[in-house]
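Spelled out from the first residue to the last, the chains are:
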Amino acid sequence: MVSDNSASPSSARRLAARWRAGLMRNAAVLTAALGAILLLALLAGRPLLGIGLIVAVLTVAFAGSRPAATRRTAPPAQKLPAPSSADAGRLSAAELSEAIGDPLILCNALGVVMSANRAASAAFGQFMPGDLIALRFRSPEMQALIDSALRGAPSAAIEHAERVPIERSFKVGATMVGGDGRFALFFRDQSETRRIDRMRADFIANASHELRTPLASISGFIETLAGPAKNDPQARERFLAIMQNQTGRMARLIDDLLSLSRLEMKPLAGAESRVDLGDLARQVTVSLSQMIRENGMVLALDLKDAPVPIVANPDEIVQVLENLIENACKYGQSGKRLDISLSTERDEASLTVRDHGPGIPTEHIPRLTERFYRVDVETSRAQKGTGLGLAIVKHILSRHQGRLTIRSAPGEGASFTIHLPLAEDSQT
Ligand code: ADP
């Protein structure tokens, strides 16, 4: 190998550099040793013997510096045997294709399946020796890909979708192997990427729809005010109030969208500090007391006297508590009561916001934290909801290694509990 070729000028230069490095590292010890030898030789009246000994020590020091330098710069290279093409040859084609993890199918020049790895069998069902590849994949794109592989012609990778047992999509390419007409079909599972693309597209469509509705209403009122209602002061007052309402709705939506995007930009909660969850809950109930009163609700606080310390970004936890308490006021005000309680168990603090309103039908509960998911869109809009509050709650909690549990049944109110890890030194 080139790097081991000590006869080449570059490796000679590297060797010299190593020697220099070794000498620099051992310089202090070496100088002391040489000084001592010289002194003893002079005291003994044998300067020539001293010079001889110095030369011997220098030779040993230089020779010793090379392995030392090699050890420091590349320790694993000394332990591992140098790879050789013979080692690679010991791996069978089957071992290599299993190692890939993506489906891989090898066919002969007639399009008969010769082997398929485990990932291929898992994705497309068992392959039997003698299967014709063209009969296994019927889509026109796959047929065209197989045709060009059989002709030995190169072709670009294609998209292929499988519907059973679950919907998946693959990018598929064909490559000639062995030079005798054999070819390999290799598949890359794109399902996760597609799912994320779809989610992103849905999200943009939902956000645009939510913004377009108030925008359309505002632009309609502007036209009316500029035309038929031009000289109608009463209509103007009414329409301006509606327009203000709609701009407020757009502003709330943009605030929530920005909150979500800020949370997504920073997967870890920043600015964490040790805070008392009970204290945060007290602060939030004070700041929302007017809202709670205006909704005709009576607040019952059951917080612990002793601090319940958590390590968290306090602003984010305040946002979680605000969202849950606002929801209880918006959707549960008919129950007239709002209970907030705090408990601890082992390494976890749990804070529950409970209302006694109409509750939530069971089938909706697992979807409440999805973006823009609402049990009833009109009620949410009437309550100035954006459909993003619980998505933000879930996001913040997962950044804090926490979680949200929701318990509710129609007619029995709803309780939302946040679970957060207690600060380490206060776990019971
Ligand atoms: P929104 O901005 O619409 O309130 P959220 O994400 O905060 O959005 O809540 C999603 C949906 O969950 C709400 O639209 C509502 O249908 C339902 N919901 C949330 N909290 C409650 C509650 N306390 N009682 C009943 N339904 C609730």
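Our structure's up above, just so we're on the same page.
Draft legend 1. Examining the sheet that holds strand 10 (residues 348-355) more closely. An order of 7-9-10-12-11 is seen for the five strands of this open sheet, with the pairing classed as mixed. Strand pairing shows two members of the sheet lacking a second neighbour, strand 7 (298-302) and strand 11 (403-408), which therefore form its edges. The mean angle between the axes of side-by-side strands here comes to 15 degrees, regardless of whether they run parallel or antiparallel. Sheet topology places strand 9 (residues 337-345) next to strand 10; eight bridges connect them, and they run antiparallel. Looking across to strand 10, one finds that Asp339 is bridged to Arg354. Here helix 13 (residues 314-332) sits on the sheet in contact with strand 9, strand 10 and strand 12 (414-421), set at roughly 25 degrees to strand 10.

Draft legend 2. Quick look at the site of the ligand. Around the ligand there are 17 residues in total, and Tyr331, Asp355, Ser380, Thr386 and Leu390 lie nearest to it. A distance of 2.8 Å is found between an oxygen atom of the ligand and a backbone nitrogen or oxygen belonging to Gly387. When the free accessible area of the ligand is taken as 530 Å², the share hidden by the protein chains comes to 96%. In this structure the site holding the ligand corresponds to the largest pocket. When residues of the shell around the ligand are traced back to their parent elements, those giving at least two are helix 13 and helix 15 (389-399). Its residues assigned to classes, the shell around the ligand comprises eight nonpolar, six polar and three charged.

Draft legend 3. Just the pattern of salt bridges, in detail. Within the structure shown, the criterion is met by 20 salt bridges. The closest approach of N and O atoms between Asp197 and Arg200, which form a salt bridge, is 4.0 Å. With a gap of three residues between them, Asp197 and Arg200 both fall in helix 9 (residues 191-226), about one helical turn apart. For Arg399, the salt bridge is made with Glu316, and the minimal N-O distance between the two is 2.7 Å. Residue Arg399 is found in helix 15, and its partner Glu316 is found in helix 13; the two are separated by 83 residues along the sequence. The two residues Arg399 and Glu316 agree in class, both being buried.

Definitions and limits used
- Residues numbered from 1 in each chain as written.
- Predicted model: local features only at pLDDT ≥ 70, side-chain atom pairs only at ≥ 80, totals over all residues.
- Heavy atoms only, no water.
- Pairing = 2+ DSSP bridges.
- Helix = DSSP H or I, 4+ residues; strand = E, 2+ residues; numbered from the N terminus.
- Axes fitted to C-alpha atoms, helices over the stretch in contact; angles between N-to-C directions.
- Contact = heavy atoms within 4.5 Å.
- Near = heavy atom within 4 Å.
- Polar contact = N/O pair within 3.5 Å; in protein donor to acceptor, adjacent residues only side chain to side chain.
- Areas by Shrake-Rupley, 256 points an atom, 1.4 Å probe, with all protein chains shown as cover.
- 1 Å grid on protein atoms, 1.4 Å probe; cavity = no way out; pocket = protein on both sides within 12 Å on 5 of 7 lines; lining within 4 Å.
- Sits in = over half its atoms within 2 Å of the grid points.
- Nonpolar A, V, L, I, M, F, W, Y, C, P; charged D, E, K, R; others polar.
- Salt bridge = Lys/Arg side-chain N within 4 Å of Asp/Glu carboxyl O.
- Buried < 20%, exposed > 50% of the residue type's maximum accessible area, 1.4 Å probe, protein only.

Shape is all these values report; function is a separate question.
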